[in-house]
Amino acid sequence: MLVAAFAIVGCGGESREDARERTIVFKHFRLFGDPAPFAALLREFEARHPGIRVRAETLPAASDEQHQFYVINLRGGARDFDVLALDVIWVAEFARAGWIADVTALLSADDRAELFTASLEAVTYDGRQYAVPWFVDAGLLYYRRDLLERHGFAPPRTWPELATAARTIAAREPDMHGFVWQGRQYEGLVCNVLEVMWSAGGDVLDGDRVVLDSPENHRALEFVQSLVPQGVSPALVTTATEEPSRHIFGSGRAVFLRNWPYAWTLFERPDSPVSGKVGVAPLPHFEGHESAAALGGWNLAINARSRDPDAAAAFVRFMASPSAQRTLALAYGYNPARRQLYSDPELLSAQPHLEALRDALDAARSRPVTPRYAQLSQVLQSTFSAVVTGLESPEDALAAAQREAERIMAEP
Amino acid sequence: MSRLLQRIGERPAAFLAPAAIVLAVVTFFPIVYVLWLSLTHYSLIGDAPTFAGIENFARLFADRRFWNALGNTLYFTVVSVALEVAVGLGFALLLARPFVGRAPMRAVVLLPWAIPTVVAARMWEWMYNGDFGVINYLLGTETNWLGDPVWAMHAAIVMDVWKETPFVALLLLAGRLSIAPELYQAARLDGAGAWRSFRHITWPLLKPLLLIVLIFRTIGAFRVFDAIYVLTGGGPANTTETLSIYAYKVLFQALEFGYGSAIAVAVFFCVAIITAVYVQLLKEAQR
């Protein structure tokens, strides 16, 4: 009797809740392309969850500005958005600050098994998950199949192989650069150099301990520093970011390019000068070590002060579901965070490079997952920049970076 | 009217209050707050600020990156302001002379100054591009201007000179035109040449204005942020990182509000010293 009474009261409460319009706000980066599929996805969610409405709001394009927007608003206790798209390198920071809710319960054992290891690691802070992986990215090696064939080289497996092939072909072909990558002092440089360090067996942190000043990292930086003087890479890499380097390779003036997966579709367009001539592979490594790619991508988190965490959770679950990720991958070319989609026939026929990407993503590593990452990255950016421009020797640069990073990690 | 003035004379406080309150809210409070923050350990992602005494300043003093940024800022300021004043003065004297097409020329000279800094910086970034930039094309070189530790700062200086010289030229032109033509006529009658007229008429009469221009430009150049941030982001290897860029990165990227405020306070004191020196010079010039 009593139980029944409670049940009735409970039901009454819930139906009142339903009658009221519940709106959740989703803050996200701009999706490039036709807005219709994304809008249709939001309507589908609303149809499945009567009573909940979703308002999607776009953030400024620059990553720095998005970070700043979130920090200012979340620090100020803003409750006017519920679900937010976060770069992989922000999750630990926001979790430490208490701005985003623990979403461990949203990830079932099956979900976890489905996700790429690095992707799950990037959203984990203190053993709990604070965001759900949405899209992923990883550094890839693009190469000119036709040029390698003409000069008798196989796609390089190791860094020295890449260096030899790049140097030789660049010298033999007119107006041709060897290996183009991103060497400007910015976050992209950190990704580029970490990939070389990891593939030499090095790392930045081991737990909370700083392990920058190691023989492995030393070897990796020696290699990176030698690229320009030895004619493997053109001097312009020290100012290159993603787009300029993609333009050089895409106009047929480089043998190798390190870039993110987005470049693939652009190279394969019918009007592209390199269409049909581009191969893609995991990045090279040093002998005796494994290839590693820096993980990029976006995750869905819930504002810890959201007025409607249940609706927000339902929305995150929906957006991160296989079917939503598939829709968005087909419409916008974003790479799903779930492994099963990489063997989806429809997706594979539309985007055949996903096959190679899966290998790269399996080997992907997350940049150091720590709330102090922004500080750490500034040290790494200037250190790596000093090395690639030849301003400092790898020994001095690593020793100084080790001290700086130790100071940062020792802060309370 | 006179009755109103009389009443103001009797009760000045009430009439001064609105301005004083606005000033306190928008200027005084932020300054004091930043001073307070600079004495705390405070990270936006951490707990509430805790008092740190002068620890942040001790750290600042031992911080290689801070001294590097200060050195970069001083170098940028001295070189770019010197060039801007020299070139701007030349433009002003030329534009003061009558010639065909002077009016459109005065407008054209102003153009770089009218372009928003970020847009101009983006434009220069393309021109400096080592691969297809127009500057390498014109000079027949293959220099990677923004990626070279020596060239990057000078590339930024050239852009700043291009951008800010019109401002200097405009003010000095106004100053030059306010000098009575009779003085030059009299000098010519006395047999003075162009150099003597400049040395004994233009220069002394322009000097107070020149100092004001210098104050504006020096402080502007000392706080330079957007132009360099867009061009190089402070790289390569922090060789173009100025104090403002350093403060921005510590405050808004790393979210270290305590230490970042200490850097901001250091900038504040540097600007205060620069201003004090100029005000002193100005007093002497007007005497």
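Predicted model only: the values in this text are computed from it and were never measured. (Residues numbered from 1 in each chain as written. Chains lettered and ligands numbered in written order. Predicted model: local features only at pLDDT ≥ 70, side-chain atom pairs only at ≥ 80, totals over all residues.)

**A closer look at the overall build of chain B**
So the rule is basically this: Under the DSSP-based scheme used, a helix requires at least four consecutive residues in state H or I and a strand at least two consecutive residues in state E, with every element numbered from the N terminus. Values of the radius of gyration come from C-alpha atoms, whereas the globule rule sets the reference at 2.2 Å times the count of residues to the power 0.38. Exposed residues have 12 or fewer other C-beta atoms within 10 Å of their own C-beta, buried residues have 20 or more, and partly exposed residues fall in between, where C-beta atoms are placed from the backbone.
When you go through chain B residue by residue, the secondary structure sums to 13 helices and 2 strands. In terms of C-alpha radius of gyration, chain B reaches 24 Å, well past the compact-globule figure of 19 Å for 287 residues. On the principal axes, the C-alpha backbone points of chain B span a range of 75 × 75 × 30 Å. Looking at chain B residue by residue over its 287 residues, the buried ones come to 32%.

**Considerations on the packing of helix α2 (residues 12–37) of chain B against helix α13 (residues 257–286) of chain B**
Residues and elements named next belong to chain B. Using the following cut-off: Think of each axis as a best-fit line through the C-alpha atoms, taken over the contacting stretch in the case of a helix, with angles from 0 to 180 degrees between the N-to-C directions. Any angle from 65 to 115 degrees is called roughly perpendicular, while one under 35 is roughly parallel, one over 145 is roughly antiparallel, and all others are oblique. Note: crossing handedness is left-handed where the near helix turns anticlockwise from the far helix by less than a right angle, and right-handed where it turns clockwise. Here, residue contact means that the backbone-derived C-beta atoms of the two residues sit within 7 Å.
α13 packs onto α2 with a crossing angle of 120° between their chain directions and a minimal axis gap of 7 Å. Taken together, the axes of α2 and α13 lie oblique to each other. In this structure, the crossing between α2 and α13 has a hand that is left-handed. Residues Val34, Leu35 and Leu37 of α2 form the contact with α13, whose own contacting residues are Phe257, Gly258, Ser261, Ala264 and Val265.

**Observations concerning the domain arrangement of chain B**
As a reminder, the rule being used: Start and end positions for the domains come from either an automated domain assignment or a database one.
Taken domain by domain, chain B consists of domain 1 (2–30) and domain 2 (55–286). Using C-alpha coordinates to define each centre, domain 1 of chain B is positioned 36 Å away from domain 2 of chain B.

**A closer look at the sheet that holds strand β11 (residues 254–259) of chain A**
All names here are of chain A. Selection criterion: In this description, strands pair whenever DSSP reports at least two bridges between them.
The strand order β8-β11-β7-β12 describes an open sheet built from 4 strands, whose pairing is mixed. Unpaired on one side and paired on the other, β8 (177–180) and β12 (278–281) mark the two borders of the sheet. When the angles between neighbouring strand axes are averaged without regard to direction, this sheet yields 15°. The sheet contact formed by strand β7 (residues 140–144) and β12 spans 4 bridges and is antiparallel. Looking at the pairing, Arg144 lines up with Val278 of β12.

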